[in-house]
Amino acid sequence: MKGDKNVDFEQLKDIANKLRIDSIVATNASKSGHPTSCASMAEIMSVLFFHTMRYKISAPRDASADRFILSKGHAAPILYAAWAEAGLFPLDELKNLRKLDSDLEGHPTPRLNFVDVGTGSLGQGLAVAAGMAYVGKYFDQAPYRVYCLVGDGEAAEGSIWESLHFASHYKLDNLVVIFDVNRLGQSEPTSLQHQLEVYDARLKAFGLNSLVVDGHDVTELVKAFDEAASVTGKPTALVAKTYKGRGFPGIEDLDNWHGKALGAEGEKIIKHLQSQIKTTKITLKPKAPLAEAPKVHIDDITLSSPPAYKQGELVATRLAYGTALKKIADTNLRVIALDGDTKNSTFSDKLRNAYPERYVECFIAEQNLVGVATGAACRDRAVVFVSTFAAFFTRTFDQIRMGAISQSNINLAGSHCGVSIGEDGPSQMGLEDLAMFRTVPTATVFYPSDAVSTERAVELAANTRGICYIRTSRPNTAILYPNDEVFKVGQAKVLRQSAKDRVLLIGAGITLHEALAAAEELKKEGVEARVLDPFTIKPLDEAAVLENARAAEGRILVVEDHYQAGGIGEAVLSAVSLQRDVIVRHLYVREVPRSGPPAALLDHYGISQQHIVAAAKQLIKA
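What counts, and at which threshold
- Residues numbered from 1 in each chain as written.
- Predicted model: local features only at pLDDT ≥ 70, side-chain atom pairs only at ≥ 80, totals over all residues.
- Heavy atoms only, no water.
- UniProt positions renumbered as here; feature names shortened; annotations may be inferred.
- Helix = DSSP H or I, 4+ residues; strand = E, 2+ residues; numbered from the N terminus.
- Core = buried A, V, L, I, M, F, W, Y, C linked by side-chain atoms within 4.5 Å.
- Buried < 20%, exposed > 50% of the residue type's maximum accessible area, 1.4 Å probe, protein only.
- Contact = heavy atoms within 4.5 Å.
- 1 Å grid on protein atoms, 1.4 Å probe; cavity = no way out; pocket = protein on both sides within 12 Å on 5 of 7 lines; lining within 4 Å.
- Points joined across faces, edges and corners; volume = space filled by probe spheres on them.
- Nonpolar A, V, L, I, M, F, W, Y, C, P; charged D, E, K, R; others polar.
- Salt bridge = Lys/Arg side-chain N within 4 Å of Asp/Glu carboxyl O.
- Domains from an automatic or database assignment.
- Pairing = 2+ DSSP bridges.
- Axes fitted to C-alpha atoms, helices over the stretch in contact; angles between N-to-C directions.

1. Topic: the UniProt feature "domain: Transketolase-like pyrimidine-binding" (unreviewed entry) in the chain
For step 1, the next point in the chain: Residues annotated in UniProt with the feature "domain: Transketolase-like pyrimidine-binding" (unreviewed entry) correspond here to residues 315-479.
For step 2, the next point in the chain: What you have in residues 315-479 is 39% helix and 21% strand, and the ends, taken at the C-alpha atoms, are 7 Å apart.

What follows is the structure in structure tokens.
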């Protein structure tokens, strides 16, 4: 073979076939999986893991190592095989693929020490890779590189092209994306099939250094990856022409073999592949990282100064979010903010104005925004805060749920929640966000109701593992708490109480202020009402809800600027569902709202002070 005399191309070819064999063995053992999808990328994996990438078998997640993201996660068996062939674990373990007691799952997750993020919901891996590359280039300023393999089927996802735009805009020359153009999708050929020139033209138009290669020629791949390492100022894309089921006689490039173990046919193919292997002993080993990445400390993050508000002062919680974000950035160099061109509404621009190098503008591409955040937070390299309107996180739910699967520690702040935003109308009103985030298994959901509690929510989120969501409001609201008030995750606050309380009012954000006003009005009519601020909706302080409900004759009235399903009311109902002596009334936005002034909308949709008063009276009479 022609090529660099220092590269053992025969071994690279043989490793590719060994990876094919391993993938067949693993999927046959589990009687399921995607061996044909693995076969198309075998040479790519061989060259990456045994020639190009620099990493440590002894420390797969070492911060200094090159990273590989398998965006087409269904090809997990060949990823597992590459690490096994490199020496991380015995090849026999591959036979445990997809078993309940094995971490070699059907799609990769970070239960494995060589996997940074979960993939498999297609179209997401490249955003994560771009986030990792951004941190590597601009924050770590280390020479490690990031490689992402994308399937041609998932290249139809718009999120892929959001990520390509981001990578090009920020000149991520430490990022290489490989398109495995194997022509076939799950149920039929892809739209472009082998029109490599179309991929090439599109990638060049997006500003990438695009290289069209034979994805089964290790010589071409070595040359392309080496060239990518020398390119500056732009990311590189390899458009690799491959064939699904490559090297599988009678199966290669044929439909109807997607996601199927080969069974008895696989045994014949293994013998065929073994006959192609020329090397008696594989001697290629991974190369060590070029340099150490800097040490990072991201624990025990605090505000640089405590909240400093005056009682009765009117401050929007979204503004307090920006203030707190800048304060925690004061005390830790690894606090960074990402936004989707709403920074002057979410007030993440307060961090940007103070530390522009630690602000990442992701523009109006929210799926990429959350994916990049997940990548930036990988391997505990940064404390990442992401902000946009609460309504726009709904389009990123898949990225958020994959963030949970990835054990990610990203923090998301959604502003402009509920009808209280006013005239902008229903498309801008976050009315589903609490329901969405409550379903995420690793999520902590903060809903602060004044500036003091918002600042503390930001501080707590920075130190809380898992996904954190902070819901902030547009209107200015009164300060409720003293500046030295202590807040904890899962601990509610009682803002008003007496020994004669007849109903417990629970609200958050704008509706907590309406509940307090309603309690004043009820008092004038001789009815005492207790008022509770849950602070976190997940976990909800169930003990406080029950204790205070019983102190208020077992009556609870929940009012929220959110739809019925999945919000505060349902959280409270779940908490008291087994209590025979507690009844709950729930006020919420009952229909798709209209534009209008905030106060008018609160009243029109039945969540204002006067509606709380009326509902409380009815509840007491019931």
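2. Brief notes about the nonpolar core
For soluble globular proteins, the rule of thumb is that nonpolar side chains tend to be buried together.
For step 1, the next point in the chain: Counting 87 residues, the largest nonpolar core has F179, L338 and I556 as the members making the most contacts within it.
For step 2, the next point in the chain: A per-element tally of this core places helix α5 (residues 125-140) first, with nine residues.
For step 3, the next point in the chain: Beyond its immediate stretch of four places on either side in the chain, L338 contacts V360, C362, L369, V372, A373, V384, F385, V386 and S387.
For step 4, the next point in the chain: Ranked by size, the runner-up nonpolar core spans 63 residues in total, among them V335, I421, V559 and V589.

3. Description of the layout of surface pockets
Over the atoms, a rolled probe matching the size of one water molecule traces out where space is still vacant.
For step 1, the next point in the chain: Estimated volume of the largest pocket: approximately 340 Å³.
For step 2, the next point in the chain: Surrounding the largest pocket, 17 residues form its lining, K13, N17, R20, E43 and Q276 being those nearest its centre.
For step 3, the next point in the chain: Counting residues per element, the ones that place at least two in the lining of the largest pocket are α1 (9-30) and α9 (264-276).
For step 4, the next point in the chain: The leading source of residues in the lining of the largest pocket is α1, at five residues.
For step 5, the next point in the chain: Residues belonging to the lining of the largest pocket are distributed by class as follows: three nonpolar, five polar and nine charged.

4. Brief notes about the pattern of salt bridges
For step 1, the next point in the chain: Within this structure, the stated rule accounts for 32 salt bridges.
For step 2, the next point in the chain: Close ionic contact of E459 with R456 constitutes a salt bridge, the shortest N to O distance being 2.8 Å. Taken together, the positions of E459 and R456, both in helix α16 (residues 451-462) and three residues apart, correspond to about one turn of that helix.
For step 3, the next point in the chain: In this structure, E553 engages R555 in a salt bridge whose closest nitrogen and oxygen atoms are separated by 2.4 Å.
For step 4, the next point in the chain: Take E553: its relative accessible area is 43%, and that puts it in the partly exposed class.
For step 5, the next point in the chain: For R555, a relative accessible area of 11% corresponds to the buried category.

5. Digging into unusual backbone geometry
For step 1, the next point in the chain: Across the junction of K538 and P539, the peptide omega takes the value -5°, indicating a cis bond.
For step 2, the next point in the chain: Along the chain, P539 turns up in the loop between β17 (536-538) and α18 (542-551).
For step 3, the next point in the chain: Of note in this structure, Q141 is not a glycine but carries a positive phi near 50°.
For step 4, the next point in the chain: With respect to the element layout, Q141 can be found in the loop between α5 and β2 (146-151).
For step 5, the next point in the chain: With phi around 65°, E553 is a residue other than glycine that occupies positive phi space.

6. Quick look at empty space enclosed by the protein
For step 1, the next point in the chain: Evaluated as defined, the whole model comprises four cavities of 30 Å³ or more.
For step 2, the next point in the chain: As for the largest cavity, its lining consists of 13 residues, of which G118, Q124, V128, T374 and M402 are closest to the centre.
For step 3, the next point in the chain: Among the elements of the structure, α5, α13 (366-377) and α14 (397-405) are those that each provide at least two residues to the lining of the largest cavity.
For step 4, the next point in the chain: Broken down by class, the residue content of the lining of the largest cavity amounts to four nonpolar, nine polar and no charged.
For step 5, the next point in the chain: Mapping the lining of the largest cavity onto the domain boundaries places at least three of its residues in each of domain 1 (7-274) and domain 2 (311-477).
For step 6, the next point in the chain: By volume, the second largest cavity is sized at about 70 Å³.
For step 7, the next point in the chain: If you trace the second largest cavity, you find it lined by F49, M53, Y55, P60, D66, R67, F68, L79, W83 and F114.
For step 8, the next point in the chain: Secondary structure elements with two or more residues in the lining of the second largest cavity: β1 (67-70) and α4 (76-86).
For step 9, the next point in the chain: The class makeup of the residues in the lining of the second largest cavity is eight nonpolar, no polar and two charged.

7. Side note on the sheet that holds strand β8 (residues 359-361)
For step 1, the next point in the chain: With mixed pairing, the seven strands of this open sheet are ordered in space as β8-β7-β9-β10-β12-β11-β17. On the outer flanks of this sheet lie β8 and β17, each paired with one strand and no other. Averaged over all neighbouring strand pairs, the angle between strand axes comes to 20°, with direction disregarded.
For step 2, the next point in the chain: Note: strand β9 (residues 383-389) against strand β10 (residues 411-415), five bridges, orientation parallel. For S387, the partnering residue across the bridge sits in β10 and is A413.

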